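Each chain is listed here by its residues.
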Amino acid sequence: MAYLLSKEDFLKISEFVYRKSGIFLEQEKHFEKLAKFIDSRSRALGFDSFRKYFFKLRFEDKNGDELQELMNAITVNETYFFREKEQFEVLVNTILPELHKTLPASRPIRILSSPCSTGEEPYSIILHIVEEGKVVEQRDIEVVGIDIDSTVIQKAKIAKYNDRSVHAIPKNILSKWFDKKNLGYELGKDLQGSVDFQVVNVFDKSQMRKLGKFDVIFSRNMLIYFDDASRKEVAMTFYDMLNPGGYVLLGHAEYMSRIVSVFRARKIENTLIYQK
Ligand SMILES: C[S@@+](CC[C@H](N)C(=O)[O-])C[C@H]1O[C@@H](n2cnc3c(N)ncnc32)[C@H](O)[C@@H]1O
């Protein structure tokens, strides 16, 4: 099959993707997916060469729509409710009670899910908080979910999920907080709107700054798609966005000690968390 994208062009566009998103594309793994995407977008735009498509992407994409299409196509959005659930348990059993004790009573505790994909992670945070109940009874807790992919953010706001997505939620919690529909489950009205979802690129410093300061940042299963330099940059952005004493939680295959040394690692019930 002949694609518009050549092996040399792959290097150009993967360098562009890396600069824009930190995502590191490898020829062996990603060539075909990217080539198919460029063929389809070129057809839609009436272009007959990669050069024309790439020109549009770089110089004639003032509102960023074409870049958004590209980002939506290359991201890996795999997620599900209660994934690596020990971390949610550490959040409600240790981190929140500790923050509640030390922070001024008048201010909310702020939690960022970065990246949140289709919303399962921030809603899992909310479900654990409401199920645990004690801290949320006494003070406001805000949860913000961000992702570079606009299609997943749209889905997160709609909050409709299939069986695979909810498979790890205990049955009593599922029936309590979700409405069973013909084709899956819908988050119940009580929890709709409980997460503030936004399309944000973690490398866009001004977008990140606008989100404000946080007490806890979940950043699970995104840094694995970046190279060392990008991981370092994002880790330092998180450091700047955390209030003193705030926490970062990473995915099981991600270790802060391999990225930066500014955080203090704490092990709680076999779960590593990182404190500013
Ligand atoms: C595998 S999902 C992880 C979702 C969730 N945190 C979890 O662990 O289940 C990775 C997500 O990272 C997002 N992502 C990749 N690069 C990003 C960037 N530069 N800024 C924000 N989100 C990004 C992707 O769009 C994708 O939805």
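A short tour of the structure in this document, coming up.

Definitions and limits used
Residues numbered from 1 in each chain as written. Predicted model: local features only at pLDDT ≥ 70, side-chain atom pairs only at ≥ 80, totals over all residues. Heavy atoms only, no water. Near = heavy atom within 4 Å. Polar contact = N/O pair within 3.5 Å; in protein donor to acceptor, adjacent residues only side chain to side chain. Areas by Shrake-Rupley, 256 points an atom, 1.4 Å probe, with all protein chains shown as cover. Nonpolar A, V, L, I, M, F, W, Y, C, P; charged D, E, K, R; others polar. Helix = DSSP H or I, 4+ residues; strand = E, 2+ residues; numbered from the N terminus. Buried < 20%, exposed > 50% of the residue type's maximum accessible area, 1.4 Å probe, protein only. Axes fitted to C-alpha atoms, helices over the stretch in contact; angles between N-to-C directions. Parallel < 35°, antiparallel > 145°, perpendicular 65-115°, else oblique. Contact = heavy atoms within 4.5 Å.

Surrounding the ligand, one finds 22 residues, the nearest of these being Asn77, Thr79, Arg83, Asp147 and Asn221. Residue Thr79 places a side-chain N or O atom 2.6 Å away from an oxygen atom belonging to the ligand. Here an oxygen atom of the ligand sits 2.5 Å away from a polar atom, N or O, in the side chain of Asp147. For the ligand, whose unbound accessible area comes to 610 Å², protein coverage reaches 99%. Here the residues of the shell around the ligand are counted per class, giving 9 nonpolar, 7 polar and 6 charged.

Attention shifts here to the environment of Cys116. Its location among the elements puts Cys116 in the loop between strand E1 (109–113) and helix H6 (120–132). Judged by relative accessible area, which is 1%, Cys116 ranks as buried. The spatial distance from the C-alpha of Cys116 to the C-alpha of Ser219 is 8.4 Å, given a sequence separation of 103 residues.

Two numbers describe how helix H3 (residues 50–59) lies on helix H4 (residues 65–74): the axes approach to 8 Å, and their chain directions differ by 110 degrees. By the angle between their directions, the pair H3 and H4 is classed as roughly perpendicular. Contact residues: Tyr53, Lys56 and Leu57 in H3; Glu66, Leu67 and Leu70 in H4. Here the contact of H3 with H4 is composed, by residue class, of 4 nonpolar, no polar and 2 charged.

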